[in-house]
Amino acid sequence: MSPQETLKKYYGYETFRPLQEEIINAVLAKKDTLAVLPTGGGKSICFQIPALMNEGLCLVISPLIALIKDQVENLKKKGIGVLSIYSGMSFVEVKQTLQNAAFGNYKFLYVSPERLETKLFLEYLPALKPSLIAVDEAHCISQWGYDFRPSYIRIANLREELPEVPIIALTASATINVQNDICSNLLFHKEHNRFQQSFARPNLSYSVFKPASKETKLLAILQNVKGAAIVYCKSRKQTTVVAELLRMNNVEADFYHAGLPSEKRTAKQDAWIINKTRTIVSTNAFGMGIDKPDVRVVVHYDVPGCLENYYQEAGRAGRDGKRAYAVLLHSSKETDDLIYKIETKYPSLVKLKMIYLALMNYLQVAAGTGEGLSFDMDVASFAQHFKLNILEATYGIQALSQEGLISFSEMMFKQSTVEFKSSKTDLEEFEILHPKLEQIIKGLLRSYEGIFDYPCIIYEKLLAGFIKIPHGDIVKGLVELHQKGIIDYKPTNEKPQIFLLKNRMYNDDFFIDVAAMTLRKAEATKRTKAINNYVTNAAFCRSKIIGNYFGERSATDCGICDNCINNTEAKLSTEEFKIVSDKIIELLKIEKLTYKQLILKLKPLRQRSLWQVITFLIAEEIIVNEEKELLSLK
């Protein structure tokens, strides 16, 4: 079966999106491959189709529980054998899943990266015999990436165990430095392939506003732009406030965040997908793995932390190729706060040690123990218990995660499990006395082999369909069986989760790689400056700013962003451009200057025109923007 036939059979499409077919052919030729495709570019198809065409199992590594869940459910709907292992599963659950993957008829095994080095996984790895390794969200492997995960570094160990198995790494946004780091850290063979789609979105109009009232501006945007909309907010509380504001002004809206129960999140998401709800107001927990092509506008109610995040989130608008809008609202305080948060995100060694010891005490982990254990985590309770600021506690935990001591998942999805606790004789007597529960007991025994020997993952909705009982009654019945001691029923758990990657260190042996943390802080500062430049720059094409940031030097003016429209009449001629450029270089040869100082020295020139020249010189690395916003020659 050809790639096109496979595409048609499983996905129902006649043709591939740009670069998909080239990437698939490279993977089928067993070449290591890096694919940088924008949000909505169809990255999953690039490894799923080769895996379906080849013999053997595809091992998929992803750090995002929500994304794993979405892809697993989509593959199951297509009748494709798929399994997953992630933080929070018990030893028995993991072992059973690995046995099924090794000896069952499955095409995909999704795993979180921290599982790769466990003794159990390595024990089963030879039996898995993967034909392809897919690394999703591959930017996580780079220390220069915006979402560095130490556990990703250790993926390279798989190459030593499976030297002939090709790797495909996928990401939606990676600078050239990050791309090089991905290929290096995954030990790509010398003859590997890189595919990068242009970061330009010709149908997407970017704009930035600094309004007196964000509420008024948001309402005006949604009144002027019809169709499905996403509004991104930074806090869960704000999503509810903004959604209520919209509803009060006759805009159909609902809120969404990771703190909601699974069923509520699914219902809200489904209502938005079918356009029953026009606007979803959400934290960045929303959008992963959702393929809704007709989103007409994405509004960022707050400034995101970096351009990588902004590009991915804004890119959820206009996937159908029709005109769409990405709007960012900001205030001066927000851009100042981004710099302040860098200091909070990268705490001092003394502060980090204090948070680490507090966390270990909170989890009641003794020194020299704990590796491989996982715990439900209430960050607010932890912060309150140790009199920490909530941001301080959250960023401290994230810093410990980046140091490879723990793994922290803000939304951990753990599927329901059931194990029978009574003997078969006692069970027969119980069924006679409780005929209403007999059907559920029989359904469990027929559906899940081995349920007497170990906890089995169950799907309440599938069980309800199998024995033709309403879903709500199934859950009530399982709870009653648990209360009566017949089964051990653990329902779906979606609490934040801490997974200990190493034993608790003794106080005197506490060690953090300060040099590496300092480098990461410097890179984070650069990313903050890049998003600040995007927000405050009024002279340069916004699409071009994004393209240049990701190393796309051939990027051209989009002609439809706010800056392109506003500056059509303010553009300099080639001769004027050179005169201003030369004058700036002459001034900076003498001394370093801030932007405001340059304005004063070049007073007759329009500010927008001056910004055009400065931004060009920075992009071409002729001048640099140093600390305290000083401009100097490179």
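Residues numbered from 1 in each chain as written. Predicted model: local features only at pLDDT ≥ 70, side-chain atom pairs only at ≥ 80, totals over all residues. Heavy atoms only, no water.

### Points about the overall build of the chain
Stage number 1. When helices and strands are tallied, the chain shows 27 helices and 22 strands.
Stage number 2. Radius of gyration (C-alpha) of the chain: 27 Å, near the 26 Å computed for a compact globule of 634 residues.
Stage number 3. Its C-alpha atoms give the chain principal-axis dimensions of about 95 × 60 × 55 Å.
Stage number 4. When each of the 634 residues of the chain is scored for burial, the buried share is 54%.
Stage number 5. Sequence-distant contacts, at least 24 apart, represent 75% of the contacts inside the chain between residues at least 6 apart.
Stage number 6. Per element, the accessible surface of the chain, about 29,500 Å² overall, is 52% carbon and sulfur.
Stage number 7. Here the chain holds 80 positive side-chain charges and 73 negative ones, and the gap between their average locations is 4 Å. (Helix = DSSP H or I, 4+ residues; strand = E, 2+ residues; numbered from the N terminus. Rg over C-alpha atoms; globule rule 2.2 N^0.38 Å. Buried < 20%, exposed > 50% of the residue type's maximum accessible area, 1.4 Å probe, protein only. Contact = heavy atoms within 4.5 Å. Areas by Shrake-Rupley, 256 points an atom, 1.4 Å probe, with all protein chains shown as cover. Lys, Arg positive; Asp, Glu negative; His and termini not counted. Charge placed at Lys NZ, Arg CZ, Asp CG, Glu CD.)

### Looking at empty space enclosed by the protein
Over the atoms, a rolling probe the size of a water molecule traces out where space has been left empty.
Stage number 1. According to the stated counting rule, one finds three cavities of 30 Å³ or more in the structure shown.
Stage number 2. In this structure, the largest cavity spans a volume of roughly 50 Å³.
Stage number 3. Along the walls of the largest cavity sit Ile230, Trp272, Phe286, Gly287, Ile290, Lys292, Val295, Arg316 and Arg319, which together make up its complete lining.
Stage number 4. Residue composition of the lining of the largest cavity, grouped by class: five nonpolar, one polar and three charged. (1 Å grid on protein atoms, 1.4 Å probe; cavity = no way out; pocket = protein on both sides within 12 Å on 5 of 7 lines; lining within 4 Å. Points joined across faces, edges and corners; volume = space filled by probe spheres on them. Nonpolar A, V, L, I, M, F, W, Y, C, P; charged D, E, K, R; others polar.)

### Looking at the pattern of salt bridges
Stage number 1. According to the stated counting rule, one finds 22 salt bridges in the structure shown.
Stage number 2. Across the pair glutamate 392 and lysine 351 runs a salt bridge, and its minimum N-O distance is 2.9 Å. Residue glutamate 392 is located in helix H17 (residues 390–402), and its partner lysine 351 is located in helix H15 (residues 349–363); the two are separated by 41 residues in the primary sequence.
Stage number 3. On the accessibility criterion, lysine 351 (27% relative accessible area) is partly exposed.
Stage number 4. The partner of lysine 484 in a salt bridge is glutamate 480, with the nearest N and O atoms 4.0 Å apart.
Stage number 5. Under the relative-accessibility criterion, lysine 484 is labelled partly exposed at 41%.
Stage number 6. Judged by relative accessible area, glutamate 480 falls into the partly exposed class, the value being 32%.
Stage number 7. Salt bridges sharing partners connect three or more residues here, namely Lys214, Asp302 and Glu334. (Salt bridge = Lys/Arg side-chain N within 4 Å of Asp/Glu carboxyl O.)

### Side note on the environment of tyrosine 124
Stage number 1. Among the structural elements, tyrosine 124 can be located in helix H6 (residues 119–128).
Stage number 2. What makes tyrosine 124 buried here is its relative accessible area of 9%.

### Description of the sheet that holds strand S15 (residues 406–409)
Stage number 1. Across the sheet, which stays open at both edges, the three strands sit in the order S14-S19-S15 with antiparallel pairing between neighbours. At either margin of the open sheet sits one strand with a lone partner, and together these are strand S14 (374–376) and S15. The mean inter-strand angle of the sheet, taken between neighbouring strand axes irrespective of direction, is 20°.
Stage number 2. Here three bridges tie S14 to strand S19 (residues 497–500), and the two strands are oriented antiparallel to one another. (Pairing = 2+ DSSP bridges. Axes fitted to C-alpha atoms, helices over the stretch in contact; angles between N-to-C directions.)

### Focus: the pairing of strand S12 (residues 295–300)
Stage number 1. With six of six residues buried, S12 is to be regarded as a mostly interior element.
Stage number 2. Direction of pairing for strand S9 (residues 228–232) relative to S12: parallel, over a ladder of five bridges. Looking at S12, one finds that valine 231 is bridged to valine 299.
Stage number 3. Relative to strand S13 (residues 324–329), S12 runs parallel, the two sharing four bridges. Across the sheet, valine 298 pairs through a bridge with alanine 326, a residue of S13.
Stage number 4. For the segment spanning S12, helix H13 (residues 307–314) and S13, crossover handedness is right-handed. (Right-handed = clockwise from strand over helix to strand, strands pointing away.)

### Some details on the sheet that holds strand S10 (residues 253–256)
Stage number 1. Ordered in space as S8-S13-S12-S9-S11-S10, the six strands form an open sheet in which the pairing is parallel. Edge positions in the open sheet fall to strand S8 (204–209) and S10, since each of these has one partner strand only. For this sheet, the mean inter-axis angle between neighbouring strands, taken without regard to orientation, is 15°.

### Details of unusual backbone geometry
Negative phi is the rule for most residues except glycine; trans is the rule for most peptide bonds.
Stage number 1. Residues other than glycine seldom take positive phi values, yet glutamate 137 does so here, at roughly 50°.
Stage number 2. Structurally, the position occupied by glutamate 137 is in the loop between strand S5 (130–135) and helix H7 (150–153).
Stage number 3. Phi at asparagine 250 takes a positive value of approximately 65°, unusual for a residue other than glycine.
Stage number 4. As for its placement among the helices and strands, asparagine 250 is situated in the loop between helix H11 (236–248) and S10.

### Some points on the environment of serine 205
Stage number 1. Structurally, serine 205 can be placed in strand S8.
Stage number 2. Residues serine 205 and arginine 323, spaced 118 residues apart in sequence, show a C-alpha to C-alpha distance of 7.5 Å.
Stage number 3. When near neighbours in sequence (up to four residues on either side) are disregarded, serine 205 contacts Arg323, Ala324, Tyr325, Ala326, Ile560 and Cys561.
Stage number 4. A distance of 2.6 Å separates a polar atom in the side chain of serine 205 from the backbone oxygen of isoleucine 560. (Polar contact = N/O pair within 3.5 Å; in protein donor to acceptor, adjacent residues only side chain to side chain.)

### Re the side chain of aspartate 254
Stage number 1. Secondary-structure assignment places aspartate 254 in strand S10.
Stage number 2. Note on aspartate 254: relative accessible area 17%, which makes it buried.
Stage number 3. If we ignore the near neighbours within four places in the chain, the residues touching aspartate 254 are Ala243, Arg247, Lys268, Thr277, Thr279, Ile280 and Val281.

### Section: the packing of aromatic side chains
Stage number 1. The tally for this structure, following the rule as stated, stands at 12 aromatic pairs.
Stage number 2. Look at tyrosine 310 and tyrosine 534: their rings are 5.4 Å apart centre to centre, the planes differ by 50°, and that puts the pair in the tilted class. Linking tyrosine 310 in helix H13 with tyrosine 534 in helix H22 (residues 514–536), this pair joins segments that are 224 residues apart in sequence.
Stage number 3. A residue is classified by how much of its surface remains accessible, and tyrosine 534, at 0% relative accessible area, is buried.
Stage number 4. Pairwise contacts between aromatic rings join Phe199, Tyr311, Tyr549 and Phe550 into one cluster.
Stage number 5. Residue placement shows arginine 542 over the ring face of tyrosine 534; its charged tip is 5.2 Å from the ring centre. (Phe/Tyr/Trp six-rings, centres within 6.5 Å; stacked < 30°, edge-to-face > 60°. Lys NZ or Arg CZ within 6 Å of the ring centre and 35° of its normal.)

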